[in-house]
Amino acid sequence: MNFQPTFAYAQDLDKADMLRPYRQRFFFPKHNGKNVLYFTGNSLGLQPHGVEKALRKELKNWRDYGVEGHFKGDMPWMHYHKFLQGQSARLVGALESEVVVANTLTTNLHLLMASFYRPTKQRFKIIMEAGAFPSDMYAMETQARWHGFDPDQAVIEVAPRPGEETLRTEDILATIAQHGDTVATVMFSGVNYYTGQFFDLPKITEAAHAVGAFAGFDLAHAAGNLPLHLHDWGVDFACWCSYKYLNSGPGGPSGLFVHEKHGNDPNFPRFAGWWGYDESTRFLMRKGFKPMLGAAGWQLSNAQILSMAAHKVSLDMFDEVGMELLREKSLRLTAYLEYLIERLNTNHRPPTTDNQPPTTVNRFNIITPKNPEERGAQLSILTGAEGKKLFDYLTEHGVIADWREPNVIRVAPVPMYNNFKDCWRLADLLGRFKTDE
Ligand SMILES: *Cc1c(COP(=O)(O)O)cnc(C)c1O
């Protein structure tokens, strides 16, 4: 893309942005009375205006109906999960019956592993990425232990090659093939939280299936960030949270996906609860678990209406825009920010007072893959020794970004509410930072 570095150009891009009105539907935190430059939608998305109204509605239903709220109102609580199923399915590229919103993310990861990690003496390995989000590391470690395996033997991590920051797909596929029929489950994130690398889900799934293993994904940083096609890719299971790109509020509920080839088998092993029981006879309260077909059969508890009401506001917005349009803007937005940051690194730095040639040392080393197909809306910037100072400087100037030890600043230009001027202003601040500041 042929970008220009001027503010006027960023303004033009914003004017041409079809998604511009969506920015107005979010609350931005303030810094000195002005909107902050919010670049942490990958960690906690902003609050959509509609959330408060949706919560008030359910509070009113509770106040007015008490327990009868399960059957009254336009969205009776009894069936609440169904009101989120269509949008969730479209979000991740699934059939409606293959998804359900329930529980929280790490809980679902364990529930799904209960179904999709049933190791035997011969086939007991889990293959995952090195440097996964800690909850996923702990989940896989304790899953292996729970089944009586030593995690050092059972959990195989695929790491970047020496001197590289991200994984090569060929290395992931080769590791799966190499461990062959000792692999029970391949469990990767969709987008790595640290580097922002988007993994090749279809290829990983295919490689897992080729050795007779299940393939599952934690889509915490992928859902609402990139178009997904879980059904067509033949993914066995997946889960995600709703509070990162999906803007549904702190601790919001999780979505889970079970491919219909498993979900429609009532005998597929699982940990069950009453809300996963066949709804037509659920209230006969009989002994003997009879699941609902599809992902709904993995529900445990009755729906958390308040948090799901907030989630629905956001899901409706994603449904209205569609992941294709969001992705289109996201590609441009992230590429623009990348362009501006890379420009700072070389001969475009502010002229030095002593007429020294400009430095060519990379101050802002982006470790996120350069190939747009291998990333979403995040850039992870490896900084130098001055990294923490730089981060503090950004914070003082009204930027909310994210600091990861030892020295990475993560920024996520989120297409739903960030604009090109945000990117310009961030890069402008970066360019003005002086090491001795
Ligand atoms: C954010 C994130 C989580 C958080 O899990 P919760 O159970 O919602 O606290 C888990 N896994 C990954 C990959 C994440 O990015």
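Just so it is clear, the model here is predicted, and its values are computed rather than measured. (Residues numbered from 1 in each chain as written. Predicted model: local features only at pLDDT ≥ 70, side-chain atom pairs only at ≥ 80, totals over all residues. Heavy atoms only, no water.)

A.B. asks: Before we move on, could you go through the environment of arginine 404 and cite the residues and values that matter?
C.D. replies: Within the element layout of this structure, arginine 404 appears in strand E16 (residues 402-404). Along the primary structure arginine 404 and lysine 388 are separated by 16 residues, whereas in three dimensions their C-alpha atoms are 9.6 Å apart. Those residues within four positions of arginine 404 in sequence are excluded, and the remaining contacts are Tyr193, Tyr194 and Arg410. In this structure the side chain of arginine 404 is engaged in a polar contact, spanning 2.9 Å, whose partner is the side chain of aspartate 402. (Helix = DSSP H or I, 4+ residues; strand = E, 2+ residues; numbered from the N terminus. Contact = heavy atoms within 4.5 Å. Polar contact = N/O pair within 3.5 Å; in protein donor to acceptor, adjacent residues only side chain to side chain.)

A.B. asks: Describe the pairing of strand E9 (residues 183-189), listing the residues and the values that go with them.
C.D. replies: In terms of residue burial, E9 counts as a mostly covered element, since seven of its seven residues are buried. As paired elements, strand E7 (residues 125-129) and E9 share three bridges and run parallel to each other. What sits directly across from lysine 125, in E9, is valine 183. Pairing geometry for E9 and strand E10 (residues 214-218), over five bridges, is parallel. (Buried < 20%, exposed > 50% of the residue type's maximum accessible area, 1.4 Å probe, protein only. Pairing = 2+ DSSP bridges.)

A.B. asks: Account for the nonpolar core, naming residues and giving values.
C.D. replies: If you look at the biggest cluster of nonpolar residues, it comprises 64 residues, and the most contacted ones within it are Tyr80, Phe188, Leu219, Trp240 and Met416. Here the element with the most residues in this core is helix H12 (residues 305-321); it accounts for seven residues. Domain assignment of the residues forming this core places at least three in each of domain 1 (7-35 + 322-347 + 360-432) and domain 2 (53-320). Membership of the second largest hydrophobic core comes to 34 residues, among which are Phe39, Ile341, Val411 and Cys423. (Core = buried A, V, L, I, M, F, W, Y, C linked by side-chain atoms within 4.5 Å. Domains from an automatic or database assignment.)

A.B. asks: Describe the site of the ligand, and please don't skip the residues or the numbers.
C.D. replies: If you check the shell around the ligand, you find Leu105, Thr106, Phe133, Asp136, Asp218, Ala220, His221, Tyr243 and Lys244 and nothing else. The side chain of threonine 106 places a nitrogen or oxygen atom 2.6 Å from an oxygen atom of the ligand. (Near = heavy atom within 4 Å.)

A.B. asks: So what's going on with the sheet that holds E9? Which residues, and what values?
C.D. replies: Reading across the sheet, the seven strands line up as E6-E12-E11-E10-E9-E7-E8 and stay open at both edges, with mixed pairing between neighbours. Pairing within the sheet leaves two strands with one partner each, and these edge strands are strand E6 (99-101) and strand E8 (155-158). Averaged over neighbouring strand pairs, the angle between their axes works out to 15° when direction is ignored. Strand direction decides the pairing type here: strand E11 (residues 237-241) and strand E12 (residues 254-258), joined by five bridges, are antiparallel. Its bridge partner being in E12, cysteine 241 is matched across the sheet by serine 254. (Axes fitted to C-alpha atoms, helices over the stretch in contact; angles between N-to-C directions.)

A.B. asks: I'd love a proper account of the domain arrangement of the protein chain, names of residues and values included.
C.D. replies: Looking at the protein chain, the domain boundaries give domain 1 (7-35 + 322-347 + 360-432) and domain 2 (53-320). One C-alpha centre belongs to domain 1, the other to domain 2; they are set 29 Å apart. Carbon and sulfur atoms supply 57% of the area buried between domain 1 and domain 2, which totals about 2100 Å² over both sides. For the domain 1 face of the interface with domain 2, the top three residues by lost area are Met323, Ile367 and Gln378, together amounting to 26%. Scanning the region where domain 1 abuts domain 2 turns up one salt bridge. When the shortest N-O distance is used, the salt bridge between arginine 25 and glutamate 320 registers 3.0 Å. Summed over the shared surface of domain 1 and domain 2, the result is ten residue pairs in polar contact (both at pLDDT 80 or more). Listing elements by their share of the side of domain 1 that touches domain 2, those giving two or more residues are helix H13 (323-345), strand E14 (379-382) and strand E17 (408-411). Examining the composition of the side of domain 1 that touches domain 2, we find that four residues originate from one element, H13, more than from any other. (Buried area = accessible area lost by both parts, 1.4 Å probe. Salt bridge = Lys/Arg side-chain N within 4 Å of Asp/Glu carboxyl O.)

A.B. asks: Break down the pattern of salt bridges for me, citing the residues and quoting the values.
C.D. replies: If you walk through the whole model with that rule in mind, you get 26 salt bridges. Arginine 161 is the partner of aspartate 171 in a salt bridge, and the nearest nitrogen-oxygen pair spans 2.8 Å. With a gap of ten residues between them, aspartate 171 in helix H8 (residues 169-179) and arginine 161 in the loop between E8 and H8 connect regions that are remote in the sequence. Since its relative accessible area comes to 18%, aspartate 171 is described here as buried. For arginine 161, a relative accessible area of 31% corresponds to the partly exposed category. As a salt-bridge pair, arginine 432 and aspartate 428 come within 3.0 Å of each other at their nearest N and O atoms. Taken together, the residues arginine 432 and aspartate 428, both in helix H15 (residues 420-432) and four residues apart, mark about one turn of the helix. When its relative accessible area of 24% is taken as the criterion, aspartate 428 is described as partly exposed.

A.B. asks: Outline the side chain of arginine 282, supporting the account with residue identities and numerical values.
C.D. replies: Its place among the elements puts arginine 282 in the loop between helix H11 (260-263) and H12. Although arginine 282 lies buried, it forms no salt bridge, and the closest oppositely charged side chain, glutamate 279, sits 4.7 Å away as judged by the N-O distance. Polar contacts involving the side chain of arginine 282 include one to the main-chain carbonyl oxygen of tryptophan 274, which spans 3.2 Å. Aside from chain neighbours lying at most four places away, what touches arginine 282 is Met78, Trp274, Trp275, Tyr277 and Met292. (Lys, Arg positive; Asp, Glu negative; His and termini not counted.)

A.B. asks: Quick rundown of a nonpolar patch on the surface? Include the residues and the values.
C.D. replies: Nonpolar side chains collect at one region of the surface, where Leu59, Trp62 and Leu306 lie side by side and expose about 320 Å² of accessible area between them. Mapped onto the elements, leucine 59 comes out in helix H3 (residues 50-65). (Patch = residues over 30% accessible without salt bridge, like charges linked within 9 Å, V, L, I, M, F, W, Y side chains within 5 Å. Areas by Shrake-Rupley, 256 points an atom, 1.4 Å probe, with all protein chains shown as cover.)

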